[in-house]
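# Observations on the three-dimensional arrangement
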Amino acid sequence: MTAEIIVVTSGKGGVGKTTTSASLATGLAMAGKKVAVIDFDVGLRNLDLIMGCERRVVYDFVNVVHGEATLKQSLIKDKRYENLFVLAASQTRDKDALTQEGVEKVLDSLSEEGFDYVICDSPAGIEKGAHLAMYFADKAVVVVNPEVSSVRDSDRILGLLASKTRRAERGEGQVTQHLLLTRYNPARVAIGEMLSVTDVEDILGIKVVGVIPESENVLTASNNGVPVIVDTASPAGQAYSDTVARILGEERPLRFIDVPKKGFLQRVFGG
Amino acid sequence: MGILDFLKRRPEPTATVARERLRIIVAQERSSRGAPDYLPMMRNELLEVIKKYVHVDIEAININLERDSGHEILELSVTLPDGKAKSDATNATTAN
Ligand SMILES: Nc1ncnc2c1ncn2[C@@H]1O[C@H](COP(=O)(O)OP(=O)(O)OP(=O)(O)O)[C@@H](O)[C@H]1O
Ligand SMILES: [Mg+2]
């Protein structure tokens, strides 16, 4: 069995790739899959913080690629799910620390170790790091915000996925593209201030695999180092659960895309 | 505008503007994807030439590259303004 490789990418920075990678990896682990999530953002390690394992990083991705540590030594076991592992990014400033052959070796080893999924958290941009994160992917989750520059960049990324990946180069069929709309604010959409789900779908010509609402629970979750999907009471957590289920082939209706009818207490205290 | 108006002022519904702008730019970028690198330069130079005869903005020039079975068609369209050609087109070279 080979592991399925899923890249989480966007082009534009700060749209929610790391938030999504953490929740997607955790969600797949919650579904019983053996999952590794890799931070490709060399020099700007962040996934470890969002996963809550920052103090347990000893060796990182670049150490493995350079043979300074074994994969086993470098994979950090999640404290909640024993079938979930994190491979941290290196804090080196050397942009060439990752090589295509090195990345391929690590991904192959993960397959041999019996992993079902490898989630690649891409850095922003379309430079080397982003290219390496997407190159070996079977599936892509393209994270987009309802905002002009993010939408335009995601179209650029969709184009690169269709041409600059191993699958494309070898003619092995398309990388499966999943568009994930995050930081969605139904109230602002309702008064015409924000692009709607259908606007984004129409412009990019692809359906969304999920819509994650803008939610204060995301900040709380990152403060605590707990992926928001673990917070099953939060709208963002539930929206991520739905998304993971859809990626696993389940059909679920979109939620949290309409203005919630707030009760009195919610109106006073927010929610 | 009174202070109350200012406080009550809501932002304009701008999502439609965003949608239309994105439709156009995404379509344009898709059509030039994988196209030769000289296209943007050529577009600028064509603009210079066209400007000698008519007042147009770069937005009025559309370059489209279409591929089908072995053929590549480079399509250029210029949306002309109402005033049509410059009356003194021959002097235009010295005008800039
Ligand atoms: N659904 C959401 N609701 C509210 N805040 C969010 C949501 N998703 C992400 N954020 C916030 O947006 C910020 C950027 O998120 P994140 O770090 O996941 O983006 P990124 O795409 O990985 O950024 P970079 O390009 O720098 O790697 C964070 O502060 C995060 O808490
Ligand atoms: Mg990130």
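The model shown is predicted, which means the values in this text are computed figures rather than measured ones. (Residues numbered from 1 in each chain as written. Chains lettered and ligands numbered in written order. Predicted model: local features only at pLDDT ≥ 70, side-chain atom pairs only at ≥ 80, totals over all residues. Heavy atoms only, no water.)

## Overview of the packing of aromatic side chains
Residues and elements named next belong to chain A. How we decide: Centres within 6.5 Å are what make two rings of Phe, Tyr or Trp a pair, Trp counting through its six-membered ring; a difference in plane orientation under 30 degrees is then read as stacked, over 60 as edge-to-face, and the rest as tilted. Here a strand is any run of E in DSSP of at least two residues, a helix any run of H or I of at least four, and the numbering for each starts at the N terminus. Burial status follows relative accessibility: with a 1.4 Å probe on protein chains alone, a residue under 20% of its type maximum counts as buried, one over 50% as exposed, and anything between as partly exposed. Over a ring means this: the NZ of a Lys or the CZ of an Arg is within 6 Å of the ring centre and within 35 degrees of the ring normal.
Here the structure, examined in full by the defined rule, presents 3 aromatic pairs over all chains. Measuring from ring centre to ring centre gives 5.0 Å for Phe-40 and Phe-61, while their planes differ by 75 degrees; the resulting arrangement is edge-to-face. Here Phe-61 lies in helix H3 (residues 61-65) and Phe-40 lies in the loop between strand S2 (35-39) and helix H2 (47-51), a separation of 21 residues in the sequence. On the accessibility criterion, Phe-61 (1% relative accessible area) is buried. Of note, Lys-34 hangs over the ring of Phe-115, and the distance from its end group to the ring centre comes to 4.5 Å.

## Regarding the pairing of strand S5 (residues 117-121) of chain A
All names here are of chain A. Just so we agree on the cut-off: Here, any two strands with at least 2 DSSP bridges between them count as paired.
Across the 5 residues of S5, 5 count as buried, placing the element largely inside the fold. Side-chain alternation along S5 places Tyr-117, Ile-119 and Asp-121 on one buried face and Val-118 and Cys-120 on a second face that is also buried. Summarising the sheet, strand S1 (residues 4-9) and S5 pair through 5 bridges and their orientation is parallel. Paired with Ile-5 across the bridge in S5 is Val-118.

## Description of the site of ligand 1
Residue and element names in this part refer to chain A. Put simply, the rule reads: When we say a residue is near a molecule or strand, we mean one of its heavy atoms is within 4 Å of it. We define a polar contact as two N or O atoms separated by no more than 3.5 Å, with the added condition that, inside protein, one atom must be a possible hydrogen donor and the other a possible acceptor, whereas residues neighbouring each other in sequence contribute only through side-chain atom pairs. Surface accessibility in these figures is a Shrake-Rupley result with a 1.4 Å probe; residues are shielded only by whichever protein chains are displayed. Any residue that is not Ala, Val, Leu, Ile, Met, Phe, Trp, Tyr, Cys, Pro, Asp, Glu, Lys or Arg is counted as polar, Gly included; the first ten are nonpolar and the last four charged.
Neighbouring residues of ligand 1: 15 residues in total, closest Gly-14, Lys-17, Thr-18, Thr-19 and Arg-183. In this structure, an oxygen atom belonging to ligand 1 sits 2.9 Å away from a main-chain N or O atom of Gly-14. Between an oxygen atom of ligand 1 and a side-chain N or O atom of Thr-19, the distance comes to 2.5 Å. Out of a free accessible area of 640 Å², ligand 1 has 76% covered by protein chains. Of all the secondary structure elements, the ones that give two or more residues to the shell around ligand 1 are helix H1 (17-30) and strand S8 (208-213). Per element, the largest residue contribution to the shell around ligand 1 is 3 residues, and it comes from H1. The class makeup of the residues in the shell around ligand 1 is 5 nonpolar, 6 polar and 4 charged.

## Digging into the sheet that holds S1 of chain A
Residues and elements named next belong to chain A. How we decide: Residue contacts are defined here by distance: any two heavy atoms, one from each residue, within 4.5 Å place the two residues in contact. Axis definition: a line fitted to C-alpha atoms, limited for helices to the stretch in contact. Angles are taken between N-to-C directions and run from 0 to 180 degrees.
Overall, mixed pairing links the 8 strands, which are arranged S3-S4-S2-S5-S1-S6-S7-S8 in an open sheet. Two strands in the sheet have a free side with no partner beyond their single neighbour: strand S3 (76-77) and S8. In the sheet, strand S7 (residues 176-184) pairs with S8 via 5 bridges, with the strands oriented parallel. Bridge pairing in S8 places Leu-179 opposite Val-208. In the packing of helix H7 (residues 148-163) onto the sheet, contacts are made with S1, strand S6 (139-144) and S7, and the angle to S6 comes to roughly 165 degrees. Contacting S1, S6, S7 and S8, helix H12 (residues 235-247) runs over the sheet at an angle of about 170 degrees to S8.

## Some thoughts on the state of the cysteines
A covalent bond bridging the sulfur atoms of two cysteines is what the word disulfide describes. Residue and element names in this part refer to chain A. This is how the line gets drawn: A pair of cysteine sulfur atoms is labelled a disulfide when the two atoms are within 2.5 Å.
This structure, assessed with the given rule, holds 0 disulfides over all chains. Of the cysteine sulfurs around Cys-53, a residue in no disulfide, the closest is that of Cys-120, at 16 Å. Classification of Cys-120 as buried rests on a relative accessible area of 1%.

## Quick notes on the environment of Ile-229 of chain A
Residues and elements named next belong to chain A. Tracing the backbone shows Ile-229 in the loop between helix H11 (216-224) and H12. The exposure class assigned to Ile-229 is buried, which follows from its relative accessible area of 1%. Sequence separation of Ile-229 and Ser-122 is 107 residues, and the distance between their C-alpha atoms is 19 Å.

## With respect to the environment of Asn-224 of chain A
Residue and element names in this part refer to chain A. Mapped onto the secondary structure, Asn-224 falls in helix H11. Classification of Asn-224 as exposed rests on a relative accessible area of 56%. Measuring from C-alpha to C-alpha, the distance between Asn-224 and Arg-45 comes to 17 Å, with 179 residues separating the pair along the chain.

## Let's talk about the packing of H1 of chain A against H12 of chain A
All names here are of chain A. Which entries qualify depends on this criterion: In this scheme, a crossing is called left-handed if the near helix is turned counterclockwise away from the far one by less than a right angle; it is called right-handed if the turn is clockwise.
The contact between H1 and H12 brings their axes to 9 Å, and the two run at 65 degrees. Of the two possible hands of crossing, H1 and H12 adopt the one that is right-handed. In this structure, H1 contributes Thr-19, Thr-20, Ser-23, Leu-24, Gly-27 and Leu-28 to the contact, and H12 contributes Tyr-240, Val-244 and Ile-247. Its residues assigned to classes, the contact of H1 with H12 comprises 5 nonpolar, 4 polar and no charged.

## Comments concerning the confidence of the model for chain B
Residues and elements named next belong to chain B. As a reminder of what qualifies: A residue's pLDDT is simply how confident the predictor is in it, with values from 0 to 100.
Looking at chain B, the pLDDT average stands at 75 and 73% of residues meet or exceed 70. Low pLDDT, under 50, characterises residues 87-96; the predicted model gives this stretch 5 contacts beyond four residues in sequence or across chains. Scored as a complex, the prediction yields pTM 0.86 and ipTM 0.86.

## Focus: the interface of chain A and chain B
Let me state the cut-off plainly: Buried area: the accessible surface (1.4 Å probe) lost by two parts on joining, summed over both. We define a salt bridge as a contact between a side-chain nitrogen of Lys or Arg and a carboxyl oxygen of Asp or Glu at a distance within 4 Å.
Listed per partner, the contact involves 16 residues of chain A and 15 residues of chain B. The junction of chain A with chain B conceals about 1400 Å² of combined surface from both sides, 55% of it contributed by carbon and sulfur atoms. The three residues of chain A that bury the most area against chain B are Arg-152, Asp-155 and Ile-203 of chain A, which together make up 38% of that side's buried surface. Seen at the junction of chain A and chain B, the total is 3 salt bridges.

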